[in-house]
Amino acid sequence: MDKIISLIKTDFNTTYGLSSIAYSFKSKKNRWQIIVFGLAMLSLIPTYFMIVKGLGSMYDVYSQIGQRSMFLLSGFLASQILIFVFGLLYVMSKYYFSNDMGHLVPLPIKPSYIIGSKFVTLMISEYLTSLPIILPFIIIYGLKGKEGVLYWIYSILLIGFLPVIPLVLASVLIMIFMKYTNIGARKDLIRTISALIFIVGMIYFQLKMQTIARKALLEGEDFLINLISDSNLLVKKLGLIFPPSQWATLSLANYLNFGGFSNLLFFVLIGVISFIIMIILSESLFFDGLIGNIEVSASKGKGKKIDNKDLSRETRPYWALAKKEIIMIFKTPVYLLNAVGGVIMIPIILVMSSVASGDQSLKAALEMMDPNSGLLLLAGAGFIVAIGMINSIGTTTFSREGKSLWIQRTLPIKVSDQIIGRVLSSMLIQTLGTVAFLASIAFVVRLNVFDMVLMAFLGLLGSIPMTQLGMVIDILRPMLEWDNPQKAMKQNLNVLIGMGVGTLFLGAIGFLTIKAINKIDLYLIYILLIGVFVLSTIILFNILEKLIKKQFEILE
Amino acid sequence: MLKLKNISKSYGKGTIKAVDDVSLDIRPGEIFGFLGPNGAGKTTTIKMVVGLLKPDTGTISVNNIDVWEEPLKAKSIISYVPDNPEVYDRLKGIEYLNFIGDMYGIPKEQRQRKLEHYLELFNIKDAVGDLIASYSHGMKQKLVLTSALLNDPKLFILDEPMVGLDPKSSFNLKEIMRNMCNEGKTVFFSTHVLEVAEKLCDRIAIINNGKIIALGTMEELRSHAVERKSLENIFLELTE
Ligand SMILES: Nc1ncnc2c1ncn2[C@@H]1O[C@H](COP(=O)(O)OP(=O)(O)O)[C@@H](O)[C@H]1O
Ligand SMILES: [Mg+2]
């Protein structure tokens with residue numbers, strides 16, 4: 001037991017860097033940075049409250065048709081499915097790609113202990129993602145329906161156990177996945193690609209389930225009669241998408257009678273049992289997938305000989321830098337999954353969800369837009385610009401150098417080459433994302449070639465200042481002390497700050513554009529946008545030149 | 001060639017004075033040894049020369065180019081090998097070498113000639129097609145040495161270069177250093193082993209607690225040591 005507690009404590013500390021946060025708050029410079037971060041986060045609060053307000057009216061709608069419980073189900077489903085999806089990524093990086101594994105594996109600790117302690121830390125991460133989602137649902141339901149004390153007690157229990165089942169599922173799936181892909185020298189690539197396919201597949205499956213459940217619901221003539229006679233009808237049908245969410249909902253909706261209690265018991269028991277099963281399985285699954293992870297292919301002299309061609313390839317400095325960045329991004333699983341994976345997957349998921357769920361709402365919305373209004377084109381371009389920040393390439397570009405930053409600082413590289421090379425690397429990945437995006441929307445709406453080209457052009461042009469904004473943030477506070485690339489990208493506050501600042505930048509431009517759209521000629525708007533993007537590129541370039549020069553001198 | 005004038009550097013808001021008023025004048029064509037026990041301030045000094053740490057006071061110039069005023073110009077004639085080279089381990093050796101070559105703008109023929117020579121010499125020719133992540137510590141060091149030599153530097157700066165090298169590579173490196181000096185280039189390296197400095201260097205500076213306590217050829221230092229007890233103690237500390 002001591003072992004487990006000490007494992008959890010250590011893991012917790014390294015994951016959240018508690019000691020280092022406490023430490024960094026002591027220095028003035030860091031305090032200032034944390035405050036800026038706080039402000040960036042505050043800018044997201046109004047949006048959150050708007051959504052919560054929207055939830056209030058959603059409750060009223062369900063309430064009117066006598067299916068209040070459906071409201072709760074939506075909350076449980078949203079949070080549990082999100083936990084599951086995030087869980088897949090968290091589990092992968094936490095169990096298999098974290099730097100402490102190298103120390104833990106040789107210690108005389110059972111795999112189940114390691115998994116158990118990692119699971120607990122993951123639970124905490126999952127609370128952070130799921131609480132902002134589930135709380136509004138539970139609170140709105142509880143307040144509007146004036147529920148009693150027992151309701152709130154049940155709620156606390158349910159929230160406590162909320163992440164268990166989805167996280168167990170994610171853990172087991174990933175452990176099986178890792179065990180059977182632990183093959184050969186190219187396993188990083190094999191894994192990354194199959195992971196992408198796997199995740200897209202999972203989401204598709206989820207969406208398909210929803211459609212099926214919805215169809216089943218509307219079948220039969222008695223639907224309306226049943227709707228009136230059974231106030232949990234919607235939950236019983238739609239809950240099949242993810243039964244644990246259904247149990248949770250039923251327990252809260254009937255908390256006053258035995259049915260509620262038994263559902264609660266069921267939810268908790270299944271959670272505990274599934275956890276135990278996962279722990280037992282981990283004994284035989286975990287190490288098989290882990291061992292050999294760190295090993296990379298070395299030919300030991302038997303490899304292919306280097307051509308003279310390879311020995312003497314000359315490239316311009318900024319191209320060489322961009323090339324190096326791209327190779328590193330593609331060869332490091334965490335970077336590939338986050339930067340490239342995100343850029344390609346987000347548009348695909350977006351479009352797939354509209355196609356698979358069979359509801360034509362996105363399509364209808366898109367078709368309703370007057371193609372000549374340019375709204376669609378502008379929205380698409382805005383989406384590409386947003387991806388320019390989400391890809392995190394700018395916000396981690398110096399952090400990713402880590403302890404190797406000395407190379408950049410001792411080489412005679414012009415600062416302008418630094419900037420161009422790093423922006424180029426982001427643009428190459430942006431181009432991939434743009435292609436994925438254009439291909440996906442082609443499924444839903446017909447756009448003419450000219451519009452597509454213009455959309456891509458505007459989007460890519462706008463991605464340049466977006467990347468540069470990220471670079472400004474990263475050069476001001478690069479995270480260089482890491483042993484695991486994980487830290488440079490996933491545990492880097494710069495990424496979040498970048499998204500905050502990027503939202504402000506894009507929000508401001510978007511706001512002005514919408515204001516202008518029916519007042520000024522469309523082509524003038526395009527030209528103005530190009531002007532704004534070019535101008536901000538130039539301004540940011542100059543800022544970056546000064547900052548990089550200064551920071552490269554004073555970083556230690 | 002390399003001039004340090006009254007260089008000082010403190011860490012932790014002035015609490016630890018790592019380098020204290022160091023002045024050195026290293027001549028072209030000389031192998032200069034920077035000798036001192038652990039924590040004496042060798043790495044700190046070297047980092048200030050190569051642009052990794054800004055001195056609190058003092059100036060550093062290479063070929064009369066101030067390294068902190070005109071860093072690009074200075075860096076293009078310096079090559080630096082750190083004590084514990086951390087390099088991009090997701091690149092292949094050859095990719096790293098080409099990257100460095102591109103950064104210095106080294107022309108094709110020179111690149112090819114140098115690579116052929118040094119890869120053969122350090123016996124890593126067969127490994128450069130592999131990911132750097134698969135290299136041992138010594139192999140990484142040899143890779144960084146090769147990349148530093150690509151540029152044909154006028155000033156070659158090495159921090160504890162012999163640590164971690166096998167005897168043959170260590171011998172080869174010493175040969176390389178001697179040859180460079182014969183061509184009129186300058187080598188500046190640090191070590192904590194008296195013997196290494198003794199065999200290789202034209203002149204030696206001994207640093208202790210951030211201060212230069214002796215400077216000269218080996219014979220000069222030895223004769224001083226007889227007179228001065230403190231120097232003799234340092235010598236004892238530095239003898240393996
Ligand atoms: N980053 C740092 N922060 C604080 N003190 C340091 C740092 N680097 C070195 N020092 C201190 O400066 C002194 C000189 O260190 P260093 O130059 O590394 O010595 P050497 O290379 O001769 O072994 C030592 O006392 C060391 O503890
Ligand atoms: Mg040292």
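Analysis parameters
Residues numbered from 1 in each chain as written. Chains lettered and ligands numbered in written order. Predicted model: local features only at pLDDT ≥ 70, side-chain atom pairs only at ≥ 80, totals over all residues. Heavy atoms only, no water. Helix = DSSP H or I, 4+ residues; strand = E, 2+ residues; numbered from the N terminus. Buried < 20%, exposed > 50% of the residue type's maximum accessible area, 1.4 Å probe, protein only. Contact = heavy atoms within 4.5 Å. Areas by Shrake-Rupley, 256 points an atom, 1.4 Å probe, with all protein chains shown as cover. Pairing = 2+ DSSP bridges. Axes fitted to C-alpha atoms, helices over the stretch in contact; angles between N-to-C directions. Near = heavy atom within 4 Å. Polar contact = N/O pair within 3.5 Å; in protein donor to acceptor, adjacent residues only side chain to side chain. Nonpolar A, V, L, I, M, F, W, Y, C, P; charged D, E, K, R; others polar. pLDDT = per-residue confidence, 0-100. Phe/Tyr/Trp six-rings, centres within 6.5 Å; stacked < 30°, edge-to-face > 60°. Lys NZ or Arg CZ within 6 Å of the ring centre and 35° of its normal. Expected span 1.5 Å × (residues − 1).

## Comments concerning the overall build of chain A
In step 1: Scanning chain A from terminus to terminus reveals 25 helices and 0 strands.
In step 2: For chain A, the proportion of its 556 residues judged to be buried stands at 50%.
In step 3: At a minimum sequence separation of 6, the contacts of chain A that also span at least 24 residues come to 83%.
In step 4: Just so you have it, chain A exposes about 26600 Å², and 73% of that area is on carbon and sulfur atoms.

## Details of the sheet that holds strand 5 (residues 65-66) of chain B
Residue and element names in this part refer to chain B.
In step 1: Strand order in the open sheet formed by 4 strands is 2-1-4-5, with antiparallel pairing between adjacent strands. Of all the strands in the sheet, just strand 2 (16-26) and strand 5 have a single pairing partner and so form its edges.
In step 2: In this sheet, strand 2 lies alongside strand 1 (residues 2-11) in antiparallel orientation, the contact comprising 7 bridges. Considered in strand 2, the bridge of isoleucine 7 is made with valine 22.
In step 3: Its contacts with the sheet place helix 1 (residues 42-50) against strand 1, strand 2 and strand 4 (57-62), and it is angled at close to 120° to strand 1.

## Focus on the site of ligand 1
Residue and element names in this part refer to chain B.
In step 1: The environment of ligand 1 is formed by Tyr11, Ile16, Ala18, Pro37, Asn38, Gly39, Ala40, Gly41, Lys42, Thr43 and Thr44.
In step 2: At 3.1 Å, a backbone N or O of alanine 40 approaches an oxygen atom of ligand 1.
In step 3: Between an oxygen atom of ligand 1 and a main-chain N or O atom of glycine 41, the distance comes to 2.9 Å.
In step 4: For ligand 1, the protein covers 61% of the area, taking 560 Å² as the surface of the free molecule.
In step 5: For the shell around ligand 1, the secondary structure elements donating two or more residues are strand 2 and helix 1.
In step 6: Of the residues in the shell around ligand 1, the class split is 5 nonpolar, 5 polar and 1 charged.

## With respect to the confidence of the model for chain A
In step 1: For chain A, the mean per-residue pLDDT works out to 82, and 82% of the residues sit at or above 70.
In step 2: Here residues 299-304 of chain A scores under 50 on pLDDT; set against residues more than four positions off or in separate chains, the count is 5 contacts.

## Observations concerning the packing of aromatic side chains
In step 1: Considering all chains together, one arrives at 22 aromatic pairs over all chains under this definition.
In step 2: Seen in terms of ring centroids, Tyr59(A) and Phe71(A) are 5.3 Å apart; in terms of plane orientation they differ by 85°. Their pairing is edge-to-face. Pair noted here: Tyr59(A) is in helix 4 (residues 45-64) and Phe71(A) is in helix 5 (residues 68-96), with a separation of 12 residues, a long-range link.
In step 3: For Tyr59(A), a relative accessible area of 4% translates into the label buried.
In step 4: Three or more aromatic residues link up through ring pairs in this structure, and these residues are Tyr59(A), Phe71(A), Phe137(A), Tyr141(A), Tyr151(A), Trp152(A) and Tyr255(A).
In step 5: Above the face of the Tyr88(B) ring, Lys324(A) is positioned so that its terminal group lies 4.2 Å from the ring centre.
In step 6: When the ring centre of Tyr335(A) is taken as reference, the NZ or CZ atom of Arg400(A) above it lies at 5.8 Å.

## Things to note about helix 5 (residues 137-150) of chain B
In step 1: The end-to-end C-alpha distance of helix 5 of chain B, which contains 14 residues, comes to 20 Å, matching closely the 20 Å that a straight helix rising 1.5 Å per residue would cover.
In step 2: Where burial is concerned, most of helix 5 of chain B is hidden: 11 out of the 14 residues are buried.
In step 3: For helix 5 of chain B, the complete set of buried residues consists of Gly138(B), Gln141(B), Lys142(B), Leu143(B), Val144(B), Leu145(B), Thr146(B), Ser147(B), Ala148(B), Leu149(B) and Leu150(B).
In step 4: Close packing links the buried residues of helix 5 of chain B with helix 20 (405-410) of chain A together with strand 6 (78-81), helix 3 (93-104), helix 4 (108-121), strand 7 (155-159) and helix 6 (167-182) of chain B.
In step 5: One or two steps after helix 5 of chain B, the chain reaches Asp152(B), where phi turns positive at roughly 55°.

## Some words on the sheet that holds strand 8 (residues 186-191) of chain B
Residues and elements named next belong to chain B.
In step 1: Judged by pairing direction, the sheet is mixed, and its 6 strands sit side by side in the order 6-7-8-3-9-10 without closing on themselves. If you trace the sheet from one side to the other, it starts and ends with strand 6 and strand 10 (211-216), each paired once. Along the sheet, successive strands turn relative to each other by an average axial angle of 15°, direction set aside.
In step 2: Relative to strand 9 (residues 203-208), strand 3 (residues 31-35) runs parallel, the two being bridged by 4 bridges. Note on strand 9: the bridge partner recorded for phenylalanine 32 is arginine 203.
In step 3: This element, helix 1, spans strand 3, strand 6, strand 7, strand 8 and strand 9 of the sheet and lies at about 145° to strand 7.
In step 4: Taken strand by strand, helix 6 contacts strand 3, strand 7 and strand 8, and its axis lies near 145° from that of strand 8.

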